[in-house]
Amino acid sequence: ITYAGYDTRDKEACAIKELFRGETVTRGRDGKTVAVNAGKERMFSHGIRRFMEEAHILNKLNGIENVVRITDYFQENNTAYFVMEYVKGMTLRDFVKKNGGAVPLGEACRIICKTGKVLDFIHRRYGIFHRDISPENILIEPDGEPKLIDFGNAKSYMRDVEKNMSIVLKPGFAPPEQYTGKNQGPWTDVYSLAGVFYFITTGIKVPPATERLAGAGYTPLSGLVPQCRPEISDAVDRGLSLDIRTRLQSTAELADALELYTPADVLREISESAEPYVALWHGGDLQDVWRLPPDAEMVVGRDPQNSNIVIEGENQISKRHCLVTYDSHMCGFQVTDISTNGIFCGQEKLIKEREYRIEPGEKLRLGKAGFVIEVGVN
């Protein structure tokens, strides 16, 4: 169970993860203590050991960018806990849904490149691989940065000593070796990461490895994403090789391939044909629409002398309320609050002067005036 909490010492929000497996334990009358069900003692003891292993791994990785940070871990109430930073945002799977079922190629390359590089660093520096890379275990923060979570299935690897490992997998993202528990290593995370990239750019999962071994195929990425260069598609295919001998051996190789062949010219072609805009709504009615020149910083506010997009006659709108930019390279929008009364995305108030990456179709409320701006691309 994961709780939202508040750290009274450091004065910040946090997340608290508690080991509470419903089939093995019940809650005591005090509402806190955990009582182990009869016959489940050994299973729960193993669970605590694995849970604390995850906390220990995360503690090792503290300070690494793009990995969730742990601040404490301990045993209490006859169970175990660890405390993590509270990460705002959404899972990569929800991010895909928000983008209509597929993430634009440039954005997908950026997310997977960053994730691949941090994974490679963890592999080389700490000898740990994740074994559960999936869209659920990558969070996307409000500024667009990916963050790895859930190292509960992580293992250290010693190729000559540790030959067999527990079988933990997600069909569609797990390579064949995870079904046998043998010959796992950094290449295991390569397969999963390539599968994630395929999924977020197409909205389609690669068939489970067992079905692929039986003859099931998949359409190469270049056949589903027209702007995808053959080099990117080939790198993904090599990352998804069923044979570990022919598979890319490190997540850095996959990241480098995506970074090297992230087609700036193709993205430029997309951005040249795209028409980014900002629409103004009030009371559910569309008020006006402005064309947004790519890569130009536009000011939204009520002062005609200092704003490009002017909302007149409303004191809740600051003279210079926010900055909006369409990044043609990443095919996405950036918004910065510079106002007095703030900007709200849903119920969340954006942090002033912090740049947020937002996606086409996103709506932002300006202060409490009832005015909403929507960014989009035709």
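Source: prediction; values computed, not measured.

J.: Teacher, can you tell me more about the packing of aromatic side chains here?
T.: Aromatic ring pairs are described here by two measures, namely the spacing of the ring centres and the angle between the planes. Evaluation of the coordinates by the stated rule reveals six aromatic pairs. On the numbers, 5.5 Å between centres and 25° between planes, the contact of phenylalanine 74 with tyrosine 81 is stacked. Looking at phenylalanine 74, the relative accessible area reads 27%, which means it is partly exposed. Tyrosine 81 gets classed as buried once you look at its relative accessible area, which sits at 8%. The ring of tyrosine 356 has arginine 354 lying over it, and the distance from NZ or CZ to the ring centre is 5.3 Å. Above the face of the tryptophan 281 ring, lysine 363 is positioned so that its terminal group lies 4.5 Å from the ring centre.

J.: It is not clear to me how the pairing of strand S14 (residues 298-301) should be interpreted in this structure. Could you clarify?
T.: Burial along S14 is two-sided: Met298 and Val300 facing one way and Val299 and Gly301 facing the other are all buried. Inspection of the sheet shows S14 paired to strand S16 (residues 322-327) by three bridges, in the antiparallel sense. Following the sheet pairing, methionine 298 is matched in S16 by valine 324. Pairing geometry for S14 and strand S15 (residues 309-310), over two bridges, is parallel. Of the residues in S15, the one forming a bridge with glycine 301 is valine 310.

J.: Looking at this model, I keep getting lost on the confidence of the model for the chain. Mind explaining?
T.: Low-pLDDT stretches of the model should not have their predicted coordinates read in fine detail. Mean pLDDT for the chain: 86, with 91% of residues reaching 70 or above. Note on residues 156-165: pLDDT under 50 across the span, and 24 contacts to partners over four residues away in sequence or across chains.

J.: So what exactly am I meant to see when it comes to the pairing of strand S17 (residues 332-337) here?
T.: Note on strand geometry: in a regular strand, side chains alternate between the two faces of the sheet. Of all six residues in S17, six are buried, a share of seventy percent or more. Residues of S17 alternate between two faces, with Gly332, Gln334 and Thr336 on one and Phe333, Val335 and Asp337 on the opposite face, all of them buried. Two strands pair when backbone bridges link them, and S16 and S17 are joined in this way by six bridges, in the antiparallel orientation. Its bridge partner being in S17, leucine 323 is matched across the sheet by threonine 336.

J.: Whenever I open this one, the sheet that holds strand S7 (residues 90-91) confuses me. Can you help?
T.: Consider a sheet: its strands pair through backbone hydrogen bonds, and that pairing is either parallel or antiparallel. In space, the three strands of this open sheet follow the order S7-S9-S10, with antiparallel pairing throughout. Looking along the sheet, the strands with just one partner apiece sit at the ends: S7 and strand S10 (146-148). Both S7 and strand S9 (residues 138-140) contribute to a ladder of two bridges, which runs antiparallel. Pairing of threonine 91 across the sheet is with leucine 139, part of S9. Sheet contacts for helix H3 (residues 105-126): S9 and S10; angle to S10, the most-contacted strand, approximately 35°.

J.: Which parts of the structure should I look at to understand the environment of isoleucine 204?
T.: Along the chain, the position of isoleucine 204 falls in the loop between helix H5 (186-202) and helix H6 (209-213). Of the residues examined, isoleucine 204 reaches a relative accessible area of 42% and is grouped as partly exposed. Between the C-alpha atoms of isoleucine 204 and tyrosine 218, which are 14 residues apart in sequence, the distance is 9.6 Å. Once you skip the residues sitting within four places of it in the chain, isoleucine 204 turns out to touch Tyr198, Phe199 and Leu224.

J.: Sorry, what's going on with the nonpolar core here?
T.: Soluble globular proteins: nonpolar side chains tend toward being buried together. Core analysis: the largest hydrophobic core is formed by 62 residues, its most contacted members being Val67, Phe197 and Ile200. Of all the secondary structure elements, the ones that give two or more residues to this core are helix H1 (41-60), strand S6 (79-85), helix H2 (92-98), H3, S9, H5, helix H7 (230-239) and helix H8 (251-260). Among all residues touching valine 67, those that are not within four sequence positions of it are Leu58, Leu61, Glu85, Val118, Ile122, Lys147, Leu148 and Phe151.

J.: Sorry if this is basic, but what is going on with the pattern of salt bridges here?
T.: Between side chains of opposite charge, a pair can form when the charged atoms approach closely. In this structure the tally under the stated criterion is 15 salt bridges. Residues glutamate 145 and lysine 114 are paired through a salt bridge, measuring 2.8 Å at the closest nitrogen-oxygen approach. Residue glutamate 145 is found in the loop between S9 and S10, and its partner lysine 114 is found in helix H3; the two are separated by 31 residues along the sequence. Looking at lysine 114, the relative accessible area reads 29%, which means it is partly exposed. One network of salt bridges, in which partners are shared, links Glu107, Arg110, Lys114, Glu145 and Arg357.

J.: Would you mind going over the side chain of threonine 325 with me for this structure?
T.: Here threonine 325 lies in strand S16. Judged by its relative accessible area of 14%, threonine 325 falls in the buried class. In contact with threonine 325, other than residues within four places in its own chain, are Leu292, Asp295, Ala296, Glu297, Gly332, Phe333 and Gln334.

J.: How do you make sense of unusual backbone geometry when you look at a structure like this?
T.: For residues other than glycine, phi is negative in most cases, and the peptide bonds are mostly trans. For asparagine 183, which is not glycine, the phi dihedral falls at a positive 55°. One can find asparagine 183 in the loop between helix H4 (177-180) and H5. Taking relative accessible area as the criterion, asparagine 183 reaches 46% and is therefore assigned partly exposed. Despite not being glycine, aspartate 295 shows a phi value in the positive range, around 65°. Here aspartate 295 shows up in the loop between strand S13 (285-291) and S14.

J.: What is the right way to look at the sheet that holds strand S22 (residues 371-377) in this model?
T.: Spatially, S13-S12-S22-S21-S18-S19 is the arrangement adopted by the six strands of the open sheet, whose pairing is antiparallel. Both edges of this open sheet fall to S13 and strand S19 (348-349), since each of them pairs with a single strand only.

Thresholds, definitions, all that
Residues numbered from 1 in each chain as written. Predicted model: local features only at pLDDT ≥ 70, side-chain atom pairs only at ≥ 80, totals over all residues. Heavy atoms only, no water. Phe/Tyr/Trp six-rings, centres within 6.5 Å; stacked < 30°, edge-to-face > 60°. Buried < 20%, exposed > 50% of the residue type's maximum accessible area, 1.4 Å probe, protein only. Lys NZ or Arg CZ within 6 Å of the ring centre and 35° of its normal. Helix = DSSP H or I, 4+ residues; strand = E, 2+ residues; numbered from the N terminus. Pairing = 2+ DSSP bridges. pLDDT = per-residue confidence, 0-100. Contact = heavy atoms within 4.5 Å. Axes fitted to C-alpha atoms, helices over the stretch in contact; angles between N-to-C directions. Core = buried A, V, L, I, M, F, W, Y, C linked by side-chain atoms within 4.5 Å. Salt bridge = Lys/Arg side-chain N within 4 Å of Asp/Glu carboxyl O.

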